[in-house]
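Residues per chain, in single letters:
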Amino acid sequence: MRPVSIRVKLTAWYVLVFGVVLACFCISIYVMMESKLLHSVDRRLQTMAELISKTELCAVPNFLPPDFERRLNRIFGTRPVGKFVRVLDLSGEIGSRTDNIDEDKIPVNKDLVREVVAKGEIIYETQTPLGPDMPIRFINFPVKSFKGNKIRGVVQVGTSLGFVRESMRNLLVVFFLLVPTLLFVAAVVGIFLAGKALKPLREIARTTRHITVNNLEERITVPVARDDVGQLASTINGMLDRLSLSFQKINQFTADASHELRTPLTIMRGELEIALRGERTPEEYLETLGSSLEEVERMSRIVNDLLLLSKSDMGQEVMHRDPVDLCVLLTNLLSHFRILADEQRIQLSSDLDEVETVFGDQLRLRQLMVNLLTNAIRYTPAEGKINLALKNVESGVEISVADTGIGIPAEDIPRIFDRFYRADKARSRQYGGSGLGLSIVKWIVNAHQGTIKVDSVVGEGSVFRVVLPTEKKI
Ligand SMILES: Nc1ncnc2c1ncn2[C@@H]1O[C@H](COP(=O)(O)OP(=O)(O)OP(=O)(O)O)[C@@H](O)[C@H]1O
Ligand SMILES: [Mg+2]
């Protein structure tokens, strides 16, 4: 099915609502007008009936004076055009009447007359003796005696409602011409206004369609008015900013990863080519193999780290939530790292308090500490000092690794958690670092809803502080 454009939908709704409002308006005007006209007819009939009832014409209701018409004309000063008058006695028998109506054309409703007499009230009546298009409206007016309230008869004054019908028919014709014209005008105006309002949206759609990976830096022109369309444009631009940043990161990451893997491969290739160039002694072969193995180990470490990070990105790495005794975990690690520290002639001390239990993934927390301690040993020269401390703090448990190493320049600190970022590339690679260790640390800390902070002074040392929450809500 072909999609209906918003423009058409908006206009259709607009015309529909306008049509309903217009219909309600016309119906109310029609009803009001009809009732007003009828009311004015009734009022005129009543005035006449009242006037007649007070004259000698009604003195003897069942008696027809010979000059009824003439006397009537005298009362009104002129002949009442289009009206008929009848004077009835109490039983509904016709006494006097004008000649313009045949007696049997409008039969007297005797029950109604009796009701008028009984109640002493005016009752209006509509009859259609001349067909449905010519209704006759008349009043049944009780004639009261000059003294007291005794009813003596009933005066009927009637008139044709042809004029009312005619007026109403004319009104209907006006409505039938006016409503479709107005609806048509509304539709034209509606489609024009909707088009005008939606024009910026079409512009946005057109620009967005052109944006691909190759021109992610292009942006939509945000309209000056801070309306919904302006907001939409800003939102899309914001999304493009984020996308373009992600793309840049991915590109950088791919470039860095290939570069990192190329270095050990180049080294291996060079060594293997030299080894193959001529006869070598078994010791030389062993040396080549040994160094190749070192490079392979380096590569597999990088690949493992990369795999772990990309799995964490995709949310495939499951974090356990077990109670972890950090004191025990750090004590075990210390025994292992003491050997490494001794080799480098670094003094490794510790300050471990009994702390509350942390809920988390034992293996990952171990990895976090291994990465921090490896860095501390790696970036601390001989005769330096490293201190590992564990204590309770307000927001949980704090683990800190402080060293008296080379330190990190202040401008590098915000970036050391980025993938492949190394503050001192040459030195770091020489130590075998690839710049992924702290990215993994950051991911583990975040997954445990913890925080990590770094304080460092170049040439004096660095302190890494990790705070892990102790509540059971990772
Ligand atoms: N304790 C430290 N003292 C001085 N510099 C540090 C310290 N820890 C980290 N850095 C700096 O931060 C950079 C990033 O550290 P990270 O652990 O991510 O990578 P790496 O140690 O170079 O390599 P990897 O840990 O992947 O083997 C390091 O290259 C180093 O420049
Ligand atoms: Mg490291």
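Treat the numbers as computed from the prediction; the structure is a model and nothing was measured.

Notes on the domain arrangement of the protein
One can read the domain layout of the protein as domain 1 (6-167), domain 2 (228-313) and domain 3 (322-468). Domain 1 and domain 2 are separated by 104 Å when their C-alpha centres are compared.

Structural notes on the environment of Thr208
Within the fold, Thr208 resides in helix α4 (residues 162-210). Each C-alpha atom, one on Thr208 and one on Arg219, is 8.4 Å from the other, the two residues being eleven residues apart in sequence. In this structure the side chain of Thr208 is engaged in a polar contact, spanning 2.5 Å, whose partner is the backbone oxygen of Ile204.

Some details on the packing of aromatic side chains
Overall, the coordinates contain three aromatic pairs when judged by the stated rule. Plain terms: the ring middles of Tyr14 and Phe18 are 6.4 Å apart, the flat faces sit at 20° to each other, and that makes the pair stacked. Here the residue Tyr14 and the residue Phe18 both occupy positions in helix α1 (residues 6-53), the gap between them amounting to four residues, near one helical turn. Judged by relative accessible area, Phe18 falls into the partly exposed class, the value being 28%. Ring centres of Phe84 and Phe138 lie 5.9 Å apart, and the angle between their planes is 65°; on these two criteria the pair is classed as edge-to-face. On the criterion of sequence distance, the pair formed by Phe84 in strand β1 (residues 83-88) and Phe138 in strand β4 (residues 136-144) is long-range, its members being 54 residues apart. Judged by relative accessible area, which is 5%, Phe84 ranks as buried. Sitting over the ring of Phe417, Lys442 keeps its end group 5.4 Å from the ring centre.

What about unusual backbone geometry?
Phi angles above zero are rare outside glycine, and Glu383 is one such case at about 75°. Its location among the elements puts Glu383 in the loop between α8 (362-378) and β9 (385-393). Relative accessible area serves as the criterion here: at 58%, Glu383 is assigned to the exposed category. A positive phi angle, close to 55°, is found at Gln449, a residue other than glycine. Looking at the secondary structure, you find Gln449 in the loop between α10 (437-447) and β11 (451-457).

Focus: the packing of α4 against helix α5 (residues 228-277)
Axis angle and axis distance: for two packed helices, these are the angle between their axes and the distance between the axes, and together they describe the pair. Contact pair α4 / α5: the axes reach a minimum separation of 10 Å and the direction vectors enclose 10°. By the angle between their axes, α4 is roughly parallel relative to α5. For α4 against α5, the interelement crossing comes out right-handed. Of α5, the residues touching α4 (which contributes Pro200, Leu201 and Ile204) are Val229, Leu232, Ala233 and Ile236. In terms of residue class, the contact of α4 with α5 is made up of seven nonpolar, no polar and no charged.

Re a positive patch on the surface
The grouping of Arg7, Lys196, Lys199 and Arg202 at the surface amounts to a positive patch. The element that contributes the greatest number of residues to the positive patch is α4, accounting for three residues. Positionally, Arg7 belongs in helix α1.

So, helix α7 (residues 326-343)
The terminal C-alpha atoms of α7, which comprises 18 residues, lie 26 Å apart, in line with the 26 Å expected from a rise of 1.5 Å per residue. Taking the backbone nitrogen of Cys327 as reference, a side-chain oxygen 3.1 Å away marks Asp325 as the first, capping residue of α7.

Observations regarding the state of the cysteines
Across all of its chains, the model carries zero disulfides by this definition. Summary of cysteine pairing: Cys26 is not part of a disulfide, and the nearest cysteine sulfur, belonging to Cys24, is at 9.4 Å. Cys26 gets classed as buried once you look at its relative accessible area, which sits at 10%.

Side note on a nonpolar patch on the surface
A cluster of nonpolar residues, Val4, Val8, Tyr14, Phe184, Val185, Val188, Val189, Ile191, Phe192 and Leu193, forms a patch on the protein surface that exposes about 880 Å² of accessible area. Elements with a minimum of two residues in the nonpolar patch: α1 and α4. Looking at the nonpolar patch, the element that brings in the most residues is α4, giving seven residues. Following the sequence through the fold, Phe192 ends up in helix α4. Phe192 sits in the exposed class, given a relative accessible area of 52%.

The rules behind the values
- Residues numbered from 1 in each chain as written.
- Chains lettered and ligands numbered in written order.
- Predicted model: local features only at pLDDT ≥ 70, side-chain atom pairs only at ≥ 80, totals over all residues.
- Heavy atoms only, no water.
- Domains from an automatic or database assignment.
- Helix = DSSP H or I, 4+ residues; strand = E, 2+ residues; numbered from the N terminus.
- Polar contact = N/O pair within 3.5 Å; in protein donor to acceptor, adjacent residues only side chain to side chain.
- Phe/Tyr/Trp six-rings, centres within 6.5 Å; stacked < 30°, edge-to-face > 60°.
- Buried < 20%, exposed > 50% of the residue type's maximum accessible area, 1.4 Å probe, protein only.
- Lys NZ or Arg CZ within 6 Å of the ring centre and 35° of its normal.
- Axes fitted to C-alpha atoms, helices over the stretch in contact; angles between N-to-C directions.
- Parallel < 35°, antiparallel > 145°, perpendicular 65-115°, else oblique.
- Left-handed = near helix turned anticlockwise from the far one by under 90°.
- Contact = heavy atoms within 4.5 Å.
- Nonpolar A, V, L, I, M, F, W, Y, C, P; charged D, E, K, R; others polar.
- Patch = residues over 30% accessible without salt bridge, like charges linked within 9 Å, V, L, I, M, F, W, Y side chains within 5 Å.
- Areas by Shrake-Rupley, 256 points an atom, 1.4 Å probe, with all protein chains shown as cover.
- Salt bridge = Lys/Arg side-chain N within 4 Å of Asp/Glu carboxyl O.
- Lys, Arg positive; Asp, Glu negative; His and termini not counted.
- Charge placed at Lys NZ, Arg CZ, Asp CG, Glu CD.
- Expected span 1.5 Å × (residues − 1).
- Disulfide = S-S within 2.5 Å.

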